[in-house]
Amino acid sequence: MEEYIYYLPDENGNKKEFKTNANSIIIVGANGSGKSRLGAWMENEYRNLYRIPAQRNTTISDSIMRYSYKEAKNDLFYGNINPYTDIWQLKFNGFENATTMLHSDYEKLIGYVLAKEHQELRKGNTENNIICKTKSIWKEIFPHREIDLDGDNDEFLCIMNEYKYKARNMSDGERAVLYLIMYVLCIEEKIILIDEPELHLHPSLTNRLWSVLEKHRQDCLFVYITHDLNFAANHIEADKFWIKSYNGQKWEIEKIEKNDIPQELFLKLLGARRDILFVEGKSESLDTKIYSILYPQYQIIPCSSCENVLNYTKTFNEQNALHGFNAYGIIDRDFRTQEEIDSANKNKVKVLEVAEVENLFLLECIILAILEQSDAREKFEEVKDYIFKTKFKNTLQRQILRKLEKEIKHKLETININLEKLEQMQEKISSLEKLIDFENLHKDIENKFNSVYESKDYDELLKIFNQKGIFDDGVFLSKVGKTKDTYTKSVLKLLRENEELRKEVLKYIPSFIE
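Bear in mind that the values here come from a model prediction, so they are computed numbers and not experimental data.

Brief notes about the sheet that holds strand 11 (residues 251-255)
An order of 4-8-9-3-10-11 is seen for the 6 strands of this open sheet, with the pairing classed as mixed. If you trace the sheet from one side to the other, it starts and ends with strand 4 (49-52) and strand 11, each paired once. Neighbour-to-neighbour, the strand axes of this sheet turn through a mean angle of 20°, independent of strand direction. The strands that helix 6 (residues 172-186) touches are strand 4, strand 8 (191-195) and strand 9 (221-226); relative to strand 4, the one it contacts most, it runs at about 170°. Those strands touched by helix 7 (residues 203-216) are strand 3 (24-28), strand 8 and strand 9, and its axis lies near 155° from that of strand 9.

Focus: the environment of Val 480
Within the secondary structure layout, Val 480 lies in helix 21 (residues 474-480). Accessibility expressed as a relative area gives 2% for Val 480, which makes it buried. The spatial distance from the C-alpha of Val 480 to the C-alpha of Phe 380 is 8.4 Å, given a sequence separation of 100 residues. Those residues in contact with Val 480, other than ones at most four positions away along the chain, are Ile 367, Ile 370, Leu 371, Val 383 and Tyr 487.

What to know about the packing of aromatic side chains
The tally for this structure, following the rule as stated, stands at 35 aromatic pairs. Ring centres of Phe 278 and Tyr 312 lie 5.8 Å apart, and the angle between their planes is 70°; on these two criteria the pair is classed as edge-to-face. Within this pair, whereas Phe 278 is found in strand 12 (residues 276-279), its partner Tyr 312 is found in helix 11 (residues 306-318), the two being separated by 34 residues in sequence. Seen in terms of ring centroids, Phe 361 and Phe 471 are 5.9 Å apart; in terms of plane orientation they differ by 75°. Their pairing is edge-to-face. With Phe 361 in the loop between strand 15 (349-351) and helix 14 (364-372) and Phe 471 in the loop between helix 20 (458-464) and helix 21, this residue pair connects regions lying 110 residues apart in the sequence. Residue Phe 361 is classed as buried on the basis of its relative accessible area, which comes to 0%. Through pairs of rings, three or more aromatic residues link up here, namely Tyr 50, Tyr 69, Phe 77, Tyr 106, Tyr 112, Tyr 179 and Tyr 183. Taking the ring centre of Tyr 7 as reference, the NZ or CZ of Lys 15 above it sits at 4.4 Å. Over the ring of Tyr 453 we find Lys 456, and its NZ or CZ is 4.0 Å from the ring centre.

Notes on the state of the cysteines
Evaluated as defined, the whole model comprises 0 disulfides. Not engaged in a disulfide, the cysteine Cys 158 finds its nearest cysteine sulfur in Cys 132; these two sulfurs lie 17 Å apart. Judged by relative accessible area, Cys 158 falls into the buried class, the value being 0%. Lacking any disulfide linkage, Cys 186 is separated from the closest cysteine sulfur, that of Cys 220, by 12 Å.

With respect to the confidence of the model for the chain
Caution applies to low-pLDDT regions: their predicted coordinates should not be interpreted in detail. Across the chain, pLDDT averages 84, with 90% of residues at or above 70. Predicted confidence for residues 81-100 stays below pLDDT 50, and this span has 35 contacts to residues more than four positions away or in other chains.

Observations concerning the pattern of salt bridges
Tallying each qualifying case throughout the model produces 31 salt bridges. A salt bridge links Lys 314 to Glu 318; the shortest N-O distance between them is 2.6 Å. Here the residue Lys 314 and the residue Glu 318 both occupy positions in helix 11, the gap between them amounting to 4 residues, near one helical turn. Using a relative accessible area of 39% as the deciding quantity, one classes Lys 314 as partly exposed.

Examining the sheet that holds strand 6 (residues 155-160)
Pairing within the open sheet is antiparallel, and its 3 strands lie in the order 5-6-7. Each edge of the sheet is formed by a strand with only one pairing partner; in this case those strands are strand 5 (146-150) and strand 7 (163-166). Averaged over all adjacent pairs, the angle separating strand axes in this sheet is 35°, with direction ignored. Where strand 6 meets strand 7, 4 bridges bridge the pair, whose relative direction is antiparallel. Bridge assignment links Met 160 to a residue of strand 7, and that residue is Tyr 163.

What about the side chain of Lys 73?
Position of Lys 73 among the secondary structure elements: in helix 2 (residues 69-77). Looking at Lys 73, the relative accessible area reads 19%, which means it is buried. At 3.1 Å, the side chain of Lys 73 forms a polar contact with the side chain of Glu 188. Sequence-distant contacts of Lys 73, that is, excluding residues within four places in its chain, are made with Tyr 78, Tyr 112 and Glu 188.

Some thoughts on unusual backbone geometry
Despite not being glycine, Asp 375 has its phi angle at roughly 55°, a positive value. Among the structural elements, Asp 375 can be located in the loop between helix 14 and helix 15 (380-394). Phi is positive for Lys 456, close to 55°, though the residue is something other than glycine. By secondary structure assignment, the location of Lys 456 is in the loop between helix 19 (438-455) and helix 20. Of the residues examined, Lys 456 reaches a relative accessible area of 25% and is grouped as partly exposed.

About the thresholds
Residues numbered from 1 in each chain as written. Predicted model: local features only at pLDDT ≥ 70, side-chain atom pairs only at ≥ 80, totals over all residues. Heavy atoms only, no water. Pairing = 2+ DSSP bridges. Helix = DSSP H or I, 4+ residues; strand = E, 2+ residues; numbered from the N terminus. Axes fitted to C-alpha atoms, helices over the stretch in contact; angles between N-to-C directions. Contact = heavy atoms within 4.5 Å. Buried < 20%, exposed > 50% of the residue type's maximum accessible area, 1.4 Å probe, protein only. Phe/Tyr/Trp six-rings, centres within 6.5 Å; stacked < 30°, edge-to-face > 60°. Lys NZ or Arg CZ within 6 Å of the ring centre and 35° of its normal. Disulfide = S-S within 2.5 Å. pLDDT = per-residue confidence, 0-100. Salt bridge = Lys/Arg side-chain N within 4 Å of Asp/Glu carboxyl O. Polar contact = N/O pair within 3.5 Å; in protein donor to acceptor, adjacent residues only side chain to side chain.

This is the structure we're talking about:
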């Protein structure tokens, strides 16, 4: 397996050597993080590097200048302003707009390709030349379109369903793809630096194009400098680096190691630059919607399951030295044991003061605020009575069993049966009945639930009652004067607009102030 060597600056600005078996590396950073200056540093430090600039003009003029091969090569590779070093020098000399200069060399590139083609044909190479390779790669990117060369006019033509149009009439994406294919095939250096590889390209094309080009230039190492986190995440095998900061002289660069958090999400979090709150559910779930209002100071990241919340929070905080900010998690109480709650707290994951996020929408202060919209506050006791006597009572035994099941599972998980002697294992198994103490455990849980029902303690009810179906309950909705769709929307609107109501709800959600 081929090994590639590359260098990046360490914290003192000196060259630090890295090795990889993948022929690509990704450097990500926000705008203003020193990406362009890092490109200039790399151009100065490498002797075998060629850069494809971000500010590239992909328009094609009506005519292509014809040169000899030597003239065309000199004009393309040695006749342009260096897009990093020289542009920065121009800026320092007073040309403030220098950094916006477009790299306009499309005609020179085509001229070089044609000159190279004619040279190859004179050598008898008719099948493995640049134009043949360009046509083949183009077909991989655009399976339903072909690229060909007009033999009479030395012009590239795009052919789709027998309809032909000239290269200068192609879409921006097509011209960009043709430009990049030819450039990568022409470059003789062994390291290719690409600034903003996603520029001019639709996201669906970007990863496909560069994956194909990497495959065809296994002799080269591709170095991408980008702020496109999706592009970075899709390069699964590539080494990835994050530019944390740049003070004008030195960079703070960290390598992103593999971890349990999906890379696309991890990269997104690095770019957030504020504390993270991992929550259950998905982007359109009630969790995300209500926590975005109640925790405006955090970047809310939905991650589907409570297991992911626990794992992601722990993993992200373990790499605090990389990113420098905190991650927290919030999960439903469900039927968790106190030991599980305490364990989660140790890893900066806290639980609600109600059984599940849906119960936040059933808080007394919330229902009263909804009823006030129709001047019907007095109906709260009727709503409360319905929840207790119908919704809770009808599921009471099932709720008790679910809590009992959770407690037993937790006790079983605490048992270590990874023992060396059979007798020890038998002894552990025999002690299970005593450990679980089924009768007393069941009695305690049953008494707790029955006590909540008999005392009509509404806050305690919301703490133990797991019942997501109430928003589908026509009777409940009719009592509060809403439909399934308008109830949750009305609650969220009230929370956004009513600061006093938010303060009331904050009593039921955890604080992460340390």
